[in-house]
Amino acid sequence: MPEERKRRSAQWFGRDGREGFIYRTWVKNRGVPHDQFDGRPVIGICNTFSELTPCNSHFRQLVEHVKHGVLEAGGFPLEFPVMSLGESVVRPTAMLFRNLASMDVEESIRANPMDGVVLMFGCDKTTPSLLMGAASCDLPAIGISGGPMLSGQWRGREIGSGTGIWQMSEEVRAGRMPLAEFCEAESCMHRSQGHCMTMGTASTMASMVEALGMGLPGNAAIPAVDSRRNLLARMAGRRIVDMVREDLVMSKILTREAFENAIMALAAIGGSTNAVIHLIALAGRIGVKLELEDFDRIGSRLPCLVNLMPSGKYLMEDLCYAGGLPAVLRELVEAGVLHAGAITANGRTIGENNREAPCWNREVVHPWGKPFKPAAGIAVLRGNLAPSGAVIKPSAATPALLKHRGRAVVFEDIDDFYGRIDDDALDVDETSVMVLKNCGPKGYPGMAECGNMPLPPKLLRKGITDMVRISDARMSGTAYGTVVLHVAPEAAAGGPLALVRNGDWIELDVEKRRLHLEVSDAELAKRRAEWKGPPKHLARGYYKLYVDHVLQADRGADLDFLVGGSGAAVPRDNH
Ligand code: FES
């Protein structure tokens, strides 16, 4: 866009008369000089700071670096808050509110005098909610992640966010770890500002930001407390001003090729299954057709190159020192699989950004020719138990269980599960298939991260560490195991999962992408006639809006009326 063309902000700040007075004078109340309203790009800085989002609690400091950058480049920064979702704190699950936060972002952008926006995210849902909301406006936008925490350190060993909790809590339940030690580890796991430092959902989504081209190179791995994170924030602030001048809107970056690059990067990092849902939802907002099968077709045969928890042993700090995501993307460029010509936020292609990225530690980032795990991308399963699909992350599963046939042990909902799982009288053994219902988008509601069900203590005491588990829930990106997730349609929407009963035989065959309930169609029809319907939730407010309109997991769990965008046209005057 030529510099002289009227920007959105000019329709507020560039006005004469009463309207111009109104739009400028209140903004001046903190000492903003008049020359800031001279037509320079106005940059919104969308800040998800909250003390209730511990992973983003350093954003008050980080945002100052973004502002410095905007000012240095000749822009006018205006910071604004949006709903912030703390994964470890929000109940019943932060995912319930991802779409609400995205609405907040979208409407905040459109209603205000912004020409471009910097998106500041960190904790899991803050990344997709900001990307989705901004995509529905399609202004120039750049993302800056808050960065991962330093590695957890406890008794001489590294412990990772989430992953360490799942491991140690099972040790406690098996009677092998005293509670006092478990409590001691609590103060050693999260010892700096930043988000989870395993390759959980936050690190995965920060990597997706980089792979999609929506952030600067290095966005994913630089720790929150490393000065280079502040530098990156400053450079993002500088860069967005030029993106406005170049009219580099989101839809020019978020192309089909960019999403395919993200899927490839997701496989190479052994990333979270949650990225499947978020990327599909984001693609829906920007008008790119992306389907569940794309993840299998494009990513499942790719190798995992990154040796990070939960699939491996290192942490994000190690990935940073090994070269960060650029070292991983270089492998994909050199292997000839990445769409190297995809444009990124810095105006260069992803190939140009990463083609010469060095790797300093081949234990952490393996070369393409000698991968950490072969063919380890997310697999999409189908069958009469999941007509619209389900996913599994083979890199985090037990290889021997990827082909398995077992008897179902069914839990009707999460309360039923926690009410019975610790009972030694529970009829379950290590060959059983644990099935959890009513934890999907409508069922929980919000599709909680409870798909990695803890194992029965009597089996843990026998030394069993993994079993096949199936649900319509999600799983924390920090979790692991032979866990089939996102079964669609979910039980609460009347999916076949609702009809599974104790003792039914279930066949899982990941190689054949098969998830089959060995019950006849006639018997399933009989059970459907007896089905009592979905659980009842609050009948008002956002819960009602969400349950009435949420799409199933295979469609990104967005609200049906939010798919697509409304652009960034300037609304009518407010007086
Ligand atoms: Fe915030 Fe894990 S709890 S990123």
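Residues numbered from 1 in each chain as written. Predicted model: local features only at pLDDT ≥ 70, side-chain atom pairs only at ≥ 80, totals over all residues. Heavy atoms only, no water.

## Notes on the overall build of the protein
Alright, step 1. Across its full length, the protein holds 20 helices and 14 strands.
Alright, step 2. Over its C-alpha atoms the protein spans a radius of gyration of 24 Å, differing by no more than 12% from the 25 Å that the globule rule assigns to 575 residues.
Alright, step 3. The buried share of the protein, taken over its 575 residues, is 61%.
Alright, step 4. In the protein, 77% of the contacts between residues at least 6 apart in sequence involve partners at least 24 apart. (Helix = DSSP H or I, 4+ residues; strand = E, 2+ residues; numbered from the N terminus. Rg over C-alpha atoms; globule rule 2.2 N^0.38 Å. Buried < 20%, exposed > 50% of the residue type's maximum accessible area, 1.4 Å probe, protein only. Contact = heavy atoms within 4.5 Å.)

## What to know about unusual backbone geometry
Alright, step 1. The omega torsion of the bond from Arg-91 to Pro-92 falls at 0°, within 30 degrees of zero and hence cis.
Alright, step 2. Among the secondary structure elements, Pro-92 is positioned in the loop between strand S2 (76–81) and helix H4 (98–111).
Alright, step 3. The step from Met-309 to Pro-310 runs through a cis peptide bond, and the omega angle for that step is 10°.
Alright, step 4. If you trace the backbone, Pro-310 turns up in the loop between helix H13 (292–299) and helix H14 (316–322).
Alright, step 5. Even without a glycine there, the phi angle at Asn-438 is positive, about 60°.

## So, the nonpolar core
Buried together is how nonpolar side chains tend to be arranged in soluble globular proteins.
Alright, step 1. Counting 108 residues, the largest nonpolar core has Phe-259 and Leu-319 as the members making the most contacts within it.
Alright, step 2. Sequence-distant contacts of Phe-259, that is, excluding residues within four places in its chain, are made with Leu-212, Leu-254, Leu-279, Leu-282, Ala-283, Ile-286, Val-288 and Leu-290.
Alright, step 3. The next biggest cluster of nonpolar side chains, apart from the first, holds 29 residues, and it includes Ala-408, Val-410, Val-500 and Leu-524. (Core = buried A, V, L, I, M, F, W, Y, C linked by side-chain atoms within 4.5 Å.)

## Digging into helix H6 (residues 163–173)
Alright, step 1. Along H6, the residues that are buried comprise Thr-163, Gly-164, Met-168 and Glu-170. Buried positions in H6, seen along its axis, are confined to an arc of 155° and lie on one side of it.
Alright, step 2. Positive phi shows up at Gly-175, right after H6, with a value of about 80°. (Arc of directions from axis to C-beta.)

## Brief notes about the sheet that holds S2
Hydrogen bonds along the backbone pair up the strands of a sheet, which may run parallel or antiparallel.
Alright, step 1. The four strands are arranged S2-S1-S3-S4 in an open sheet whose pairing can be described as parallel. Every other strand in the sheet has two partners, leaving S2 and strand S4 (141–145) as the edge strands with one partner each. Between one strand and the next, the sheet's axes are offset by a mean angle of 20°, whatever the strand orientation.
Alright, step 2. As paired strands, strand S3 (residues 116–121) and S4 are joined by five bridges and run parallel to one another. Residue pairing across strands places Val-118 opposite Ile-142, the latter belonging to S4. (Pairing = 2+ DSSP bridges. Axes fitted to C-alpha atoms, helices over the stretch in contact; angles between N-to-C directions.)

## Some points on the pairing of S4
Alright, step 1. A large share of S4 lies buried, amounting to five of its five residues.
Alright, step 2. Side-chain alternation along S4 places Ala-141, Gly-143 and Ser-145 on one buried face and Ile-142 and Ile-144 on a second face that is also buried.
Alright, step 3. Running through helix H5 (residues 126–135), the crossover from S3 to the neighbouring parallel element S4 is right-handed. (Right-handed = clockwise from strand over helix to strand, strands pointing away.)

## Quick look at the side chain of Gln-552
Alright, step 1. Relative to the helices and strands, Gln-552 resides in the segment after helix H20 (541–549).
Alright, step 2. Engagement of the side chain of Gln-552 in a polar contact is seen with the backbone nitrogen of Glu-490, the distance being 2.7 Å.
Alright, step 3. What Gln-552 contacts, discounting residues up to four positions off in sequence, is Lys-442, Pro-489, Glu-490, Ala-493 and Ala-557. (Polar contact = N/O pair within 3.5 Å; in protein donor to acceptor, adjacent residues only side chain to side chain.)

## Things to note about the pattern of salt bridges
Alright, step 1. For the structure on display, the rule yields 47 salt bridges.
Alright, step 2. Of the charged contacts, one joins Glu-64 and Lys-67 as a salt bridge, the two residues approaching to 3.7 Å between their closest N and O atoms. Of this pair, Glu-64 and Lys-67 both sit in helix H3 (residues 59–72), separated by three residues, roughly a single helical turn.
Alright, step 3. Here Asp-242 and Arg-245 are joined by a salt bridge, their closest N and O atoms 3.3 Å apart. Here Arg-245 and Asp-242 lie together in helix H9 (residues 227–246), a separation of three residues that amounts to about one turn.
Alright, step 4. Connected through salt bridges with shared partners, the residues Glu-87, Asp-124, Lys-125, Glu-449 and Arg-474 form a single ionic network. (Salt bridge = Lys/Arg side-chain N within 4 Å of Asp/Glu carboxyl O.)

## A word on the packing of aromatic side chains
Alright, step 1. Applying the stated rule across the entire model yields eight aromatic pairs.
Alright, step 2. Their ring planes at 40° and their centres at 6.2 Å tell us that Phe-13 and Phe-76 sit as a pair that is tilted. Of the two residues, Phe-13 sits in helix H1 (residues 10–13) while Phe-76 sits in strand S2, which places them 63 residues apart along the sequence. Per residue, the accessibility class of Phe-13 equals that of Phe-76, and both read buried.
Alright, step 3. Between the aromatic rings of Phe-411 and Phe-417, the centroid separation amounts to 4.9 Å while the plane-to-plane angle is 80°, which identifies the pairing as edge-to-face.
Alright, step 4. Note on Phe-411: relative accessible area 0%, which makes it buried. (Phe/Tyr/Trp six-rings, centres within 6.5 Å; stacked < 30°, edge-to-face > 60°.)

## Here's the deal with the packing of helix H8 (residues 201–212) against helix H11 (residues 256–269)
Alright, step 1. Running from amino to carboxyl end, H8 crosses H11 at an angle of 140°, the nearest separation of the two axes being 8 Å. Between H8 and H11, the angle falls in the class oblique. With respect to the hand of their crossing, H8 and H11 are arranged in right-handed fashion. Only Ala-258, Phe-259, Asn-261, Ala-262, Ala-265, Leu-266 and Ile-269 of H11 make contact with H8, whose side of the interface consists of Thr-204, Ser-207, Met-208, Ala-211 and Leu-212.
Alright, step 2. Here the contact of H8 with H11 is built from residues that sort into nine nonpolar, three polar and no charged. (Parallel < 35°, antiparallel > 145°, perpendicular 65-115°, else oblique. Left-handed = near helix turned anticlockwise from the far one by under 90°. Nonpolar A, V, L, I, M, F, W, Y, C, P; charged D, E, K, R; others polar.)

## Some points on the pairing of strand S9 (residues 403–411)
Alright, step 1. Relative to strand S13 (residues 505–509), S9 runs antiparallel, the two sharing five bridges. Counted as the bridge partner of Gly-406 is Ile-506 from S13.
Alright, step 2. In this sheet, strand S10 (residues 433–436) lies alongside S9 in parallel orientation, the contact comprising four bridges. In the sheet register, Val-409 faces S10, and the bridge partner there is Met-434.

## What about the environment of Ile-263?
Alright, step 1. With respect to the helices, strands and loops of the structure, Ile-263 is situated in helix H11.
Alright, step 2. Expressed as a C-alpha distance, the spacing of Ile-263 and Leu-302, which sit 39 residues apart in the sequence, is 9.8 Å.
Alright, step 3. Excluding residues within four positions of it along the chain, Ile-263 makes contact with Leu-290, Asp-294, Phe-295, Ile-298 and Gly-299.

## As for the environment of Gly-162
Alright, step 1. Note on placement: Gly-162 falls in the loop between strand S6 (157–159) and H6.
Alright, step 2. Given a relative accessible area of 9%, Gly-162 falls into the buried group.

## Some words on the environment of Lys-403
Alright, step 1. As for its position among the elements, Lys-403 is in strand S9.
Alright, step 2. With a relative accessible area of 57%, Lys-403 lands in the exposed category.
Alright, step 3. Residues Lys-403 and His-339, spaced 64 residues apart in sequence, show a C-alpha to C-alpha distance of 33 Å.
Alright, step 4. Apart from the residues lying within four places of it in its own chain, the contact partners of Lys-403 are Leu-508 and Asp-509.
Alright, step 5. Within the structure, the side chain of Lys-403 is placed 3.3 Å from the side chain of Asp-509, a separation counted as a polar contact.

## Some words on H20
Alright, step 1. Inspection of H20 places Tyr-542, Tyr-546 and Val-547 among the buried residues, and these make up the whole buried set. With its buried residues spanning 125° around the axis, H20 presents them on a single face.
Alright, step 2. In this structure, the buried residues of H20 make contact with H4.

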